[in-house]
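# Structural overview
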Amino acid sequence: MLDDGVLGDEWAKIGGALRGLLNGETGRFDCGTLDRLFCETLRSEGLDPDQ
């Protein structure tokens, strides 16, 4: 998906935005596990999740 010349950047932005939302109040929701999943997915697509 991220290799799509038109939509790839937008998918990467969504991944980054989702990681940002995990910093908010989520109650008992396990944000650490989701953050790791997002990071692993972004890395597998050749992106640096910390950018």
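See the structure shown above.
A few points on the structure.

Definitions and cut-offs
- Residues numbered from 1 in each chain as written.
- Predicted model: local features only at pLDDT ≥ 70, side-chain atom pairs only at ≥ 80, totals over all residues.
- Heavy atoms only, no water.
- Helix = DSSP H or I, 4+ residues; strand = E, 2+ residues; numbered from the N terminus.
- Buried < 20%, exposed > 50% of the residue type's maximum accessible area, 1.4 Å probe, protein only.
- Areas by Shrake-Rupley, 256 points an atom, 1.4 Å probe, with all protein chains shown as cover.
- Lys, Arg positive; Asp, Glu negative; His and termini not counted.
- Charge placed at Lys NZ, Arg CZ, Asp CG, Glu CD.
- Salt bridge = Lys/Arg side-chain N within 4 Å of Asp/Glu carboxyl O.
- Expected span 1.5 Å × (residues − 1).
- Arc of directions from axis to C-beta.
- Contact = heavy atoms within 4.5 Å.
- Polar contact = N/O pair within 3.5 Å; in protein donor to acceptor, adjacent residues only side chain to side chain.

The secondary structure content of the protein chain amounts to 2 helices and 0 strands. Looking at the protein chain residue by residue over its 51 residues, the buried ones come to 20%. As displayed, the protein chain offers around 4100 Å² of accessible surface, 55% of which is attributable to carbon and sulfur atoms. Distance from the positive charge centre (5 side chains) to the negative charge centre (11 side chains) of the protein chain: 7 Å.

Turning our eyes to something else, we now look at the pattern of salt bridges. Inspection of every chain in the model, using the stated rule, returns 4 salt bridges. For the salt bridge of R19 with D35, the shortest nitrogen-to-oxygen distance reads 2.6 Å. With R19 in helix α1 (residues 8-21) and D35 in helix α2 (residues 31-44), this residue pair connects regions lying 16 residues apart in the sequence. For D35, a relative accessible area of 24% gives the class partly exposed. Among the salt bridges present, the one from R19 reaches D50, with a minimum N-O distance of 3.7 Å. With R19 in helix α1 and D50 in the segment after α2, this pair connects stretches of sequence that are 31 residues apart.

So, on to α2. A rise of 1.5 Å per residue sets the reference length of α2, with its 14 residues, at 20 Å; its end C-alpha atoms lie 20 Å apart and thus fit the reference within 8%. When α2 is considered as a whole, its buried residues turn out to be C31, F38, C39 and L42. Axial view of α2: buried residues confined to an arc of 100°, hence all on one face. Contact partners of the buried residues in α2: α1. Just beyond α2, the residue with positive phi is G46, at close to 85°.

On a C-alpha basis, the gap between D35 and P49 in space is 9.8 Å, while along the polypeptide they are 14 residues apart. Looking at D35, its side chain comes within polar contact range of the side chain of R19, at 2.6 Å.

Geometry only, nothing functional implied.
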